[in-house]
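So you can see what is in the structure, the chains are spelled out below.
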Amino acid sequence: MLQKPDTDGLVIVTEEICQKVIDRDLAFAAVRDVFGAMARGDAYNFPVIREAIGHEDALYGFKSGFDKAGMVLGVKAGGYWPNNMAKGIINHQSTVFLFDPDTGKLKALVGGNYLTAIRTAASSAVSIDQLARKDAKVLGMVGAGHQSTFQLRAAVEQRDFEKVVCWNPHPDMIPNLGKVATEIGIPFEAVSREELGAQSDVIITITSAFEPLIEAGYIKPGTHLACMGTDTKGKQEVAAELVAKATLFTDEVAQSTTIGETQHAIASGAITQDDVTPIGKVINGDHPGRTSDDEITLFDGTGVGLQDLAVAAVAAEQAVATGAATRVSL
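In what follows, the accompanying structure is described. Keep in mind that this is a model prediction, so the values were computed, not measured. Think of each chain on its own: its residues are numbered from 1, step by step along the sequence as written. Only residues with pLDDT of 70 or above have their local features reported here, since the model is predicted, and side-chain atom pairs are shown and tallied only from 80 upward, although totals for entire chains, interfaces and linings are computed over all residues. Excluded from the side-chain calculation are hydrogens and water; included are all heavy atoms of the structure.

### A short note on helix α2 (residues 24-40)
Counting from the N terminus, the helices are DSSP H or I runs at least four residues long and the strands are E runs at least two residues long. Working rule for helices: expected span equals 1.5 Å times residues minus one. Between its first and last C-alpha, α2 extends 24 Å over 17 residues, near the 24 Å set by a 1.5 Å rise per residue. Along α2, the residues classified as buried are A27, F28, A30, V31, V34, F35, G36, A37 and M38. Note on contacts: a residue pair is in contact if any heavy atoms of the two residues lie within 4.5 Å. Buried residues along α2 sit in contact with β2 (43-45), β4 (59-67), α3 (113-131), α10 (279-283), β17 (297-300) and α11 (305-322). N-cap assignment for α2: the residue whose side-chain oxygen lies 3.3 Å from the backbone N of D25 is D23. Remark: G41 follows α2 within two positions and exhibits a positive phi of approximately 85°. Only protein chains enter the area calculation, which uses a 1.4 Å probe; residues under 20% of their type maximum are buried, those over 50% are exposed, and those in between are partly exposed. Polar contacts here mean pairs of N or O atoms no more than 3.5 Å apart (in protein, one a potential hydrogen donor and the other a potential acceptor; neighbouring residues in sequence count only if both atoms are side-chain atoms).

### Here's the deal with the packing of α2 against α11
Here α2 crosses α11 at 135°, and the two axes come no closer than 9 Å. The orientation of α2 relative to α11 falls into the category oblique. Between α2 and α11 the crossing geometry is right-handed. Each of L26, A27, A30, V31, V34, F35 and M38 in α2 lies in contact with α11, whose residues at this interface are L306, Q307, A310, V311, V314 and Q318. Among the residues forming the contact of α2 with α11, the class breakdown is 11 nonpolar, two polar and no charged. All axes are obtained by fitting lines to C-alpha atoms, using only the stretch in contact for helices, and the reported angles, taken between N-to-C directions, cover 0 to 180 degrees. Orientation is classified from the angle alone, with under 35 degrees giving roughly parallel, over 145 giving roughly antiparallel, 65 to 115 giving roughly perpendicular, and any other angle giving oblique. Helix crossings get a hand from a simple test, with the near helix turned counterclockwise from the far one by less than a right angle marking a left-handed crossing and a clockwise turn marking a right-handed one. Residue classes follow a fixed rule: Ala, Val, Leu, Ile, Met, Phe, Trp, Tyr, Cys and Pro count as nonpolar, while Asp, Glu, Lys and Arg count as charged, and any other residue, Gly among them, counts as polar.

### A closer look at the sheet that holds strand β13 (residues 224-227)
We call two strands paired when DSSP finds no fewer than two bridges between them. Within the open sheet, the eight strands sit side by side as β10-β9-β8-β11-β13-β17-β15-β16. Their pairing is parallel. The open sheet has two free edges, formed respectively by β10 (188-190) and β16 (276-278), since each of these has just one partner strand. Pairwise comparison of adjacent strand axes, ignoring direction, gives a mean angle of 20° for this sheet. Across four bridges, strand β15 (residues 247-250) lies against β17 in parallel orientation. Paired with F249 across the bridge in β17 is F299. α3 rests against β11 (202-205), β13, β15 and β17 of the sheet, and its axis sits at about 160° to β13.

### Brief notes about the side chain of D100
Here D100 is to be found in the loop between β6 (92-99) and β7 (106-111). The buried charged residue D100 lacks any salt bridge partner; its closest oppositely charged side chain belongs to K107, at an N-O distance of 5.4 Å. A polar atom in the side chain of D100 sits 2.9 Å from the backbone nitrogen of D102. In this count, Lys and Arg are taken as positive residues and Asp and Glu as negative ones, while His and the chain termini are left out. Salt bridges are defined by distance alone: a side-chain nitrogen of Lys or Arg within 4 Å of a carboxyl oxygen of Asp or Glu.

### Focus: unusual backbone geometry
Even without a glycine there, the phi angle at E56 is positive, about 60°. Mapped onto the elements, E56 comes out in the loop between β3 (49-52) and β4. A relative accessible area of 30% places E56 in the partly exposed class. A positive phi is found at D57, a non-glycine position, where the angle reads about 60°. Among the structural elements, D57 can be located in the loop between β3 and β4.

### Looking at the nonpolar core
Judged by nonpolar contacts, the single largest core of 68 residues is most densely connected at I22, F35, L98, V110, L115 and L139. Those residues within four positions of L115 in sequence are excluded, and the remaining contacts are C18, I22, V110, V311, A312 and A315. Counting residues in each nonpolar core, the second largest holds 26 residues, with V165, V243, V253 and V276 among its members. Nine residue types can take part in a nonpolar core, namely buried Ala, Val, Leu, Ile, Met, Phe, Trp, Tyr and Cys, and a core is a set of them joined through side-chain atoms within 4.5 Å.

### Overview of the pairing of strand β1 (residues 10-13)
Pairing analysis gives three bridges linking β1 to strand β18 (residues 326-328), with the strands arranged antiparallel. By the bridge assignment, L10 is partnered in β18 with V328. Note that β1 and β7 share three bridges and pair parallel. Residue pairing for β7: I12 is matched across the bridge by L109.

### Side note on the pairing of β17
Residue alternation in β17 divides its side chains into two sets, T297 and F299 and L298 and D300, and both sets are buried. Alignment of β13 against β17, held across four bridges, turns out to be parallel. Among the inter-strand pairings, L225 is bridged to a residue of β17, identified as L298.

### Overview of the pattern of salt bridges
Per the counting criterion, the structure on display carries 14 salt bridges. D201 is paired through a salt bridge with K220; the nearest N and O atoms lie 3.1 Å apart. In this pair, D201 is assigned in the loop between α6 (193-199) and β11 and K220 in the loop between β12 (210-214) and β13, connecting sequence segments 19 residues apart. Since its relative accessible area comes to 7%, D201 is described here as buried. Connected through salt bridges with shared partners, the residues R133, D135, D201 and K220 form a single ionic network.

### Observations concerning the environment of D33
Along the chain, D33 falls in helix α2. A relative accessible area of 46% means that D33 is categorised as partly exposed. In the structure, D33 is positioned 247 residues away from G280 in sequence and 8.3 Å away in space, judged by C-alpha atoms.

Here you go:
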């Protein structure tokens with residue numbers, strides 16, 4: 001980590017520099033390690049603040065936490081501006097502030113947009129690495145927006161996928177994801193939801209849906225699902241019946257059961273919090289993860305502040321090490 005950066009001023013890492021110094025491997029390692037630290041009790045997230053501000057239909061909030069193992073303390077501030085696409089910028093906007101745990105001084109200011117996308121993809125990739133069948137061959141993508149391209153690139157590095165199938169609520173967006181698959185060199189096909197479930201060994205859902213897009217009857221035995229879009233009360237991507245059938249894992253249980261994909265099965269009484277396991281326990285060897293080829297596993301990726309802080313800390317470290325960071329005095 002950065003050594004006493006306050007002596008040399010505040011480190012600033014721009015969006016452009018983040019893209020240069022953080023790749024998928026670094027993001028994957030940072031997210032995997034912080035999930036492990038969370039499960040050991042070495043890192044914890046603070047309560048999330050997320051509010052509709054009453055302007056531009058925007059949601060704004062704060063995610064923060066402290067990783068004692070990695071000595072990372074900070075907050076991510078930002079949110080979702082749904083009208084941004086019409087203005088030529090992405091809907092999600094955020095910035096990460098890192099503080100010195102020993103003194104409380106602000107030590108780094110890091111652009112959070114690219115890091116949010118790559119850490120979210122790293123999260124689902126970690127779940128595929130830990131929970132998907134080793135012989136998984138078909139990847140199903142539910143969603144074809146900006147984040148889906150990051151998800152696809154990260155996912156195909158975890159298994160020897162031979163094909164990608166996709167369904168999206170807005171079919172006109174699917175070709176954008178198809179272009180990424182072509183660039184990677186993997187066959188791509190747009191299909192119905194039912195066909196996606198019938199073919200896929202791994203399914204990533206990355207939408208902003210408020211109703212189930214994937215029903216339990218669509219899924220074949222042995223499927224691993226990474227549900228990455230539900231991060232707000234009321235959102236839902238898969239049927240509660242499917243959640244209840246699966247062996248459940250998540251980044252953080254308290255967040256998963258209140259604002260994540262498991263919230264609806266919890267509300268119906270189909271499952272309890274005890275049915276949801278932090279994926280860090282699998283990473284640390286304290287839980288077996290998948291136990292059979294027929295088991296349906298589901299990772300509820302709600303997105304926690306510690307993920308953002310972990311990748312931002314690595315970005316700051318890499319930027320300083322390569323001379324790419326800017327320093328200013330407050």
